[in-house]
Amino acid sequence: MKTDLADGQTLKEMFASGTAWLEKSAPDINAINVFPVPDGDTGTNMMLTMQYALQEVKPSSDGKASSVAKSLAHGALMGARGNSGVILSQFFRGLAKGLDSKASFDGEDFAKALAGAAQTAYKGVSNPIEGTMLTVLKDASRAAKEAAKDSHALIAILGAAVESAEESVARTPSLLPVLKDAGVVDAGGQGLYVLLDGALQFLKGESQRIQYRRPRLVVAETELVPRAARRPAQLETPHGYCTNFILEGPNLDAGKIEKGLRKKGQSLIVTGDDSLIRVHVHSFKPGEILQYATKFGNLHEITINNMDDQYAQFIKMQRQRMPQADVAIVAVAAGDGFFELLNSLGNIIIVPGGQTMNPSVNELLQAVQSAPSDNIILLPNNKNIMSAASQIQSLTTKNLKVVHTRNMPQGIAAFLAFGYDMNLEQNGRAMEKAISRVKAVEVTRAVRTTRINGLEVKKGQFLAILNDEDPIASNDKATDVVLEALGKAGADKAGIITIYYGVETKAAEAEKIGQDIRDRYKAQVEVVHGGQPHYSYTISLE
Amino acid sequence: MVKIVTDSCSDITPQLARELGITVVPLYVQFGNESYRDNVDLTTEEFYHKLETSKIHPTTATASPAHFAQIFTELAEETKEIVAVTLSQKFSAIYGTALQGKAMVKKDCRIEVIDSQAGAGAQMLLVIAAAKLAQSGAGLGKIVESVKKAVPRAHVRMTFDTLEYLRRGGRVGKAQAFLGSLLKVNPVLGIKDGEAFPIARCRNRAQAVDFLVDFVKGFGPIESVAIEDATTPEELELLAQRLKDLVPAEHTYRSKVSPVVGTHVGPHVLAVSVLEAL
């Protein structure tokens, strides 16, 4: 493999190899496509754009790198599909500019061209967002520039670019909240990384392996909760039409056209030169867009996609990636910490319990009816809600099973016992079995001075209650009441003690109590933010 | 006699492979630029030591079609019938690679490649069953039919300390449902439709091991069981003790989770696989 100077042939084969690798990644890329719109076609779009670009490079061309680069740019522009395809065409446009008048190029030339490509790509997008393929391109070009300080070998430069691109893709969820929420890395970024990686494999002489291997999706830097895939497909705001076309005419002014279209839609990209412009925009009125453009010239390669249709397909595809469970879970909870905790454990519909953990029958019924299944498990999570919960049975035609969780610790144990491979009956049984092993100690403030169960309780003191019924300890200090209560509740026999601290409790105090408990007992101790009202501490003993 | 071939992700011990006349094609573990053939260039002990001490997180790679072609061609000197049972396609490209290797073989030999739709112990039990059939004189057609019928009867349950290895290796599959938990749990995963599937979340290791024992107990007649650890042989021994009354010793196979599988599951995995009797 030539690592000194590369010519047009090498450039073409690099991107042919990159395209072959991209083709293999396309379905995975489609599946993670959530930005700018979850229409599930980024992989396909990038692949088609590249295929068009490659076709434009004729075997009869003069073999110069500059000519091949120009052909790729022109082909990408003409064949650009979707948001990512258009950005890709910008990439090639910048690359061609950087390789202009170069019959052959080395790593340093390529690094410079990459930097130009990144700039061109950013300029083309009206509203560039970080955490997308733009960021990946920027990071890759920066790494290439750095690497060019030590070596001019193309393989070293591209190697650095690819490594940086991969890391950049891994970071995208931390830059773009919608990615984090969906639990995915950026689709366009993944596509760009794969394209460059395929090109690198060619330079390394490894492109044969592309035939029998498949690119893996870059793994996000930190563990993400696939939240969006968990939501039932609720009606999101309509997305409109993805409108894409080439405008051909005399003396075109891309800047003016961009300004004219800015207010007419989202995700606007206008790129090109004075005779050929590519327009991409998301709009509810594609007709207006086309009408506006026809003032300036003729339209070609017109595509209009209904993004809501695409979105529906995408959701269907997403559903298939998660394990299917025929059973939906509805639970009552109070406290933002508990909301977050429950959502982190899986699909669940939460009915907010409010200050007193007392939702109405109607609220419970609504939740049951809206659940994405005919088989429902209901977790009341408070003994006060039991009667309301049992009423729901007769009010719904769905198959409803109430698992008798009397408090949050039991509710969580029940949820953890959920099995994706079990049906309603089996899940109900597994959950009832799980909750029988859970004891709860709840710490609240005494509302009046009294004597109960042999305990002297002063108003305002911390009062600990076992299993929702038995007051077992009272004290002025929370720490002391917790330790006393745990002693009486048999914490020495527990394997796992979990402390959920409430909305008025400071994390530092909770952590300290957790440490005291660890020092005293052999159980595995966890301190978790529950944020619940009313109870300073809710403690689970298993 | 039909020759049986599998890949190293079946976790079959070299000794057992020799006894049963099984040829094992190694996949690769890569630490940066260093590439090792599974259990050939790197033993299991060496691998887990490196896994825990190296700053570089390893990656894995499949064998090449040429390698399969070479193995098949060599075996074709001794037989006219070969059955290869590979790791699930959803975990690796190896099934496709084996097929490509088959296409490259010029010798006159019937070669059938079967996707086990499993891995580790479950794959191992299928391969052992195939090898025993071959040793008893069964022909290619019978063995292929038998293995395909056995695939849905092969089950595995693995308990993990962390899903991070699986996540980083990109093989988390449907077990992604267990990611992001804000509570510490010990997940138990299985394999369904060829990919990782979430089975249970236990609160600690002890509960998870109980789960594995109950898993075996829940079956009717069992043909064979495989139990594996990565770096906790004492745990494996305890597990074996608890299972010995459920399955006769001659049908219980012990093994280590091989480096390539270990890269994706981590050093504290404990696995139990069951092949149900017909």
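Note that the structure is predicted; figures quoted are calculated from it, not measured.

Below, the discussion takes up the overall build of chain B. A count of helices and strands for chain B gives ten helices and 13 strands. Here the C-alpha atoms of chain B give a radius of gyration of 18 Å, agreeing with the 19 Å that 2.2 N^0.38 yields for 278 residues. Taking the principal axes of its C-alpha atoms as reference, chain B extends roughly 60 × 45 × 30 Å. Classification of the 278 residues of chain B by burial places 51% in the buried group. Across chain B, the fraction of contacts at a sequence separation of at least 24, relative to all contacts at a separation of at least 6, is 74%.

Moving on, we come to the overall build of chain A. Across its full length, chain A holds 20 helices and 16 strands. A globule of 542 residues ought to have a C-alpha radius of gyration of about 24 Å, yet chain A, at 30 Å, is considerably larger. Judged by the C-alpha coordinates and their principal axes, chain A covers about 100 × 55 × 40 Å. Residues classed as buried in chain A amount to 53% of the 542 residues present.

In this section: helix α5 (residues 120-135) of chain B. The α-helix winds at 3.6 residues per turn, so residues separated by three or four positions along the chain end up facing the same way. All names here are of chain B. A rise of 1.5 Å per residue sets the reference length of α5, with its 16 residues, at 22 Å; its end C-alpha atoms lie 22 Å apart and thus fit the reference within 8%. The buried count for α5 comes to 13 of 16 residues, which makes it a mostly enclosed element. Once α5 finishes, G137 follows within two positions and takes phi at roughly 100 degrees, a positive value.

Turning next to the interface of chain B and chain A. Facing 26 residues of chain B, the contacting portion of chain A comprises 27 residues. Elements that contribute at least two residues to the side of chain B that touches chain A include exactly α4 (94-104), α7 (164-168) and β10 (195-202) of chain B. Residue contributions to the side of chain B that touches chain A peak at five residues, all from β10 of chain B. Taken together, the residues of the side of chain B that touches chain A sort by class into eleven nonpolar, nine polar and six charged.

So, on to the sheet that holds strand β16 (residues 537-541) of chain A. All names here are of chain A. Taken together, six strands build an open sheet; the order of strands is β13-β12-β9-β16-β14-β15 and the sheet is mixed. Looking at strand neighbours, the two that pair on one side only are β13 (470-475) and β15 (524-529), the edges of this open sheet. Neighbouring strand axes in the sheet, compared pairwise and without regard to direction, differ in orientation by 20 degrees on average. Across five bridges, the pairing between strand β9 (residues 439-445) and strand β12 (residues 462-466) is antiparallel. Residue R445 lies in a different strand from β12, and its bridge partner there is F462.

Let us look at the domain arrangement of chain B. Frequently, the measure chosen for interface size is the accessible area that the parts lose on association. All names here are of chain B. Along its sequence, chain B is carved into domain 1 (3-151) and domain 2 (153-276). Listed as interface residues are 36 residues of domain 1 and, on the opposing side, 29 residues of domain 2. Of all the secondary-structure elements, those providing two or more residues to the side of domain 1 that touches domain 2 are α2 (44-53) and α5. In terms of residue count, the dominant contributor to the side of domain 1 that touches domain 2 is α5 (eight residues). Considered class by class, the residues forming the side of domain 1 that touches domain 2 number 21 nonpolar, eleven polar and four charged.

All names here are of chain B. Within β10, seven of the eight residues are buried, leaving the element largely enclosed by the surrounding structure. With seven bridges joining them, strand β9 (residues 186-192) and β10 adopt antiparallel strand pairing. What sits directly across from P187, in β10, is R201. The hairpin turn running from β9 into β10, its antiparallel successor, is two residues long, and D193 in that turn takes a positive phi close to 50 degrees.

All names here are of chain B. Considering the arrangement of structural elements, one finds H251 in the loop between α9 (233-243) and β12 (252-256). Accessibility expressed as a C-beta count within 10 Å gives 15 for H251, which makes it partly exposed. Expressed as a C-alpha distance, the spacing of H251 and E78, which sit 173 residues apart in the sequence, is 29 Å. Beyond its immediate sequence surroundings of up to four residues, H251 is in contact with E223, S224 and V225.

Turning next to the sheet that holds strand β4 (residues 298-306) of chain A. Residue and element names in this part refer to chain A. Spatially, β2-β3-β1-β4 is the arrangement adopted by the four strands of the open sheet, whose pairing is antiparallel. With one partner strand each, in any of the chains shown, β2 (266-272) and β4 form the two edges of the open sheet. Pairwise comparison of adjacent strand axes, ignoring direction, gives a mean angle of 10 degrees for this sheet. By the bridge criterion, eight bridges tie strand β1 (residues 241-248) to strand β3 (residues 276-283) in an arrangement that is antiparallel. Residue pairing across strands places C242 opposite H282, the latter belonging to β3.

To continue, consider the packing of helix α2 (residues 42-55) of chain A against helix α4 (residues 82-98) of chain A. Residue and element names in this part refer to chain A. In the contact formed by α2 and α4, the axes pass within 7 Å of each other and the chain directions differ by 40 degrees. For the pair α2 and α4, the sense of crossing is right-handed. Together, T42, N45, M46, L48, T49 and A53 of α2 and G82, S84, G85, L88, S89 and F92 of α4 make up the contact between the two elements. Across the contact of α2 with α4, the residue classes tally to five nonpolar, seven polar and no charged.

Residues and elements named next belong to chain A. Domain assignment breaks chain A into domain 1 (8-230), domain 2 (241-313), domain 3 (323-435) and domain 4 (439-541). Of note, the centres of domain 3 and domain 4, computed from C-alpha atoms alone, are 25 Å apart. Facing the 13 residues of domain 3 at the interface are 15 residues of domain 4. Listed by contribution, the elements that provide at least two residues to the side of domain 3 that touches domain 4 are α14 (336-345) and α17 (408-416). When residues of the side of domain 3 that touches domain 4 are assigned to their parent elements, the largest contribution, four residues, is made by α14. Of the residues belonging to the side of domain 3 that touches domain 4, the class tally is five nonpolar, five polar and three charged.

The next point concerns the nonpolar core. V482 of chain A together with L126 and A130 of chain B are the most contacted members of the largest nonpolar core, which has 164 residues in total. It is α5 of chain B that provides the largest number of residues to this core, a total of eleven residues. Sequence-distant contacts of A130 of chain B, defined by excluding residues within four places in its chain, comprise I4, V83, V85, I143 and V147 of chain B. Grouped together as the second largest cluster of nonpolar side chains are 95 residues, I87, V136, L268 and V279 of chain A included.

Right, let's talk about the confidence of the model for chain B for a bit. Chain-level pLDDT for chain B is 95 on average; 100% of the residues reach the 70-or-more range. Across the interfaces of the predicted complex, the ipTM metric reaches 0.90, alongside a pTM of 0.88.

Residues and elements named next belong to chain A. Between F35 and P36 the backbone carries a cis peptide bond, its omega angle lying at 0 degrees. By secondary structure assignment, the location of P36 is in the loop between α1 (8-31) and α2. Residues other than glycine seldom take positive phi values, yet S267 does so here, at roughly 50 degrees. Along the chain, S267 falls in strand β2. For S267, a count of 20 C-beta atoms within 10 Å puts it in the buried group.

With that settled, the discussion passes to the pairing of strand β7 (residues 375-379) of chain A. All names here are of chain A. Burial within β7 is extensive, with four of its five residues counted as buried. Sheet topology note: the strand β5 (residues 327-333)/β7 ladder contains five bridges and is parallel. When the sheet's bridge partners are listed, V327 is paired in β7 with N375. Direction of pairing for β7 relative to strand β8 (residues 399-402): parallel, over a ladder of four bridges. Residue pairing in the sheet places I377 in a bridge with K401 of β8. Each parallel crossover has a hand, and for β7 linked through helix α16 (residues 386-395) to β8 it is right-handed.

Quick look at the packing of helix α5 (residues 107-124) of chain A against helix α6 (residues 133-147) of chain A now. A packed helix pair is summarised by two numbers, namely the angle formed by the two axes and the spacing between the axes. Residue and element names in this part refer to chain A. Where α5 meets α6, the closest approach of the two axes is 8 Å, and the angle between their N-to-C directions is 155 degrees. Judged by the inter-axis angle, α5 sits roughly antiparallel to α6. Relative to α6, α5 is oriented so that their crossing is left-handed. Along its contact with α5, which presents F110, A111, L114, A115, A117, A118, A121 and Y122, the element α6 presents L134, L137, K138, A140, S141, A144, K145 and A147. In terms of residue class, the contact of α5 with α6 is built from 13 nonpolar, one polar and two charged.

Scoring rules and cut-offs
- Residues numbered from 1 in each chain as written.
- Chains lettered and ligands numbered in written order.
- Predicted model: local features only at pLDDT ≥ 70, side-chain atom pairs only at ≥ 80, totals over all residues.
- Helix = DSSP H or I, 4+ residues; strand = E, 2+ residues; numbered from the N terminus.
- Rg over C-alpha atoms; globule rule 2.2 N^0.38 Å.
- Buried ≥ 20, exposed ≤ 12 C-beta atoms within 10 Å, placed from the backbone.
- Contact = placed C-beta atoms within 7 Å.
- Expected span 1.5 Å × (residues − 1).
- Nonpolar A, V, L, I, M, F, W, Y, C, P; charged D, E, K, R; others polar.
- Pairing = 2+ DSSP bridges.
- Axes fitted to C-alpha atoms, helices over the stretch in contact; angles between N-to-C directions.
- Domains from an automatic or database assignment.
- Left-handed = near helix turned anticlockwise from the far one by under 90°.
- Core = buried A, V, L, I, M, F, W, Y, C linked by C-beta atoms within 7 Å.
- pLDDT = per-residue confidence, 0-100.
- Right-handed = clockwise from strand over helix to strand, strands pointing away.
- Parallel < 35°, antiparallel > 145°, perpendicular 65-115°, else oblique.

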